[in-house]
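In case you want the letters, here they are:
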Amino acid sequence: MKNGSTILIKEINLIIPFYVEHLKKTRTSSEVQKNSMKLFVNNEEITIHHGARVLDAVRAYYVQHNKKLPCKLPIVCDAYGNSIAPDGELSEGNHLHIKI
């Protein structure tokens, strides 16, 4: 048991300096705003990164509702009712509807 504890402590000592450097490099809120876009999923505002795909928006929606993403991805439609592929591109202000 002692040997396992020693290994764990060594791993934590390796991780902590990396995490501290990560915190130093965190972006300011204005930088985050430049790299994010707002869109609507089921009439709820979602903020995701520029270049995100439909699947990213669906994941963000499920995370916002504290739900697990289903194994079979639900059908996603645009504001006009057209079905959208999970790898479809998104842009600022898009309106998506998830058929649950």
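Residues numbered from 1 in each chain as written. Predicted model: local features only at pLDDT ≥ 70, side-chain atom pairs only at ≥ 80, totals over all residues. Heavy atoms only, no water.

Caption draft 1: Structural context of unusual backbone geometry. We note that N42 has phi near 50°; this positive angle belongs to a residue other than glycine. With respect to the helices and strands, N42 occurs in the loop between β1 (36-41) and β2 (44-49). Here N66, not a glycine, exhibits a phi torsion of approximately 55°, which is positive. Positionally, N66 belongs in the loop between α3 (54-64) and β3 (75-77). (Helix = DSSP H or I, 4+ residues; strand = E, 2+ residues; numbered from the N terminus.)

Caption draft 2: View of the nonpolar core. Among the nonpolar cores identified, the biggest contains 16 residues, and L39, V41, I48 and L90 are the most heavily contacted of them. Element by element, the count of residues in this core is highest for α3, at 6 residues. Setting aside its immediate chain neighbours within four residues, L39 contacts E44, E45, I46, I48, A57, L90, S91, G93, N94 and L96. (Core = buried A, V, L, I, M, F, W, Y, C linked by side-chain atoms within 4.5 Å. Buried < 20%, exposed > 50% of the residue type's maximum accessible area, 1.4 Å probe, protein only. Contact = heavy atoms within 4.5 Å.)

Caption draft 3: Quick peek at the pairing of β2. Bridge analysis of β1 against β2 gives 6 bridges, and the strand direction is antiparallel. The residue of β2 that forms the bridge with M37 is I48. Here β1 folds back onto β2 in antiparallel fashion, the turn holding 2 residues, of which N42 has a positive phi close to 50°. (Pairing = 2+ DSSP bridges.)

Caption draft 4: Here's a closer look at the side chain of D78. For D78, the location among the structural elements is in the loop between β3 and β4 (83-84). Not counting residues up to four positions away in its chain, the partners in contact with D78 are I84, H95, L96 and H97.

Caption draft 5: The packing of aromatic side chains, seen in detail. Under the counting rule described, the total for this entry stands at 1 aromatic pair. Here the aromatic rings of Y61 and Y62 are separated by 6.0 Å at their centres, their planes lie at 85°, and the arrangement is edge-to-face. (Phe/Tyr/Trp six-rings, centres within 6.5 Å; stacked < 30°, edge-to-face > 60°.)

Caption draft 6: Molecular detail of the pattern of salt bridges. In total, this model carries 3 salt bridges according to the counting rule given. Here E45 makes a salt bridge to K38, at a shortest N to O gap of 3.7 Å. Overall, E45 belongs to the partly exposed group, its relative accessible area being 40%. Given the relative accessible area of 40%, K38 is considered partly exposed. Between R59 and D56 there is a salt bridge whose closest N-O contact spans 3.5 Å. A residue pair is termed a helical-turn pair when its members lie 3 or 4 positions apart in one helix, as R59 and D56 do in helix α3 at 3 residues. (Salt bridge = Lys/Arg side-chain N within 4 Å of Asp/Glu carboxyl O.)

Caption draft 7: Representation of the confidence of the model for the protein chain within the structure. Summary statistics for the protein chain give a mean pLDDT of 79 and a share of 66% for residues scoring 70 or more. When mean pLDDT is taken per element in the protein chain, β3 scores highest with 96 and helix α1 (residues 2-24) scores lowest with 51. (pLDDT = per-residue confidence, 0-100.)

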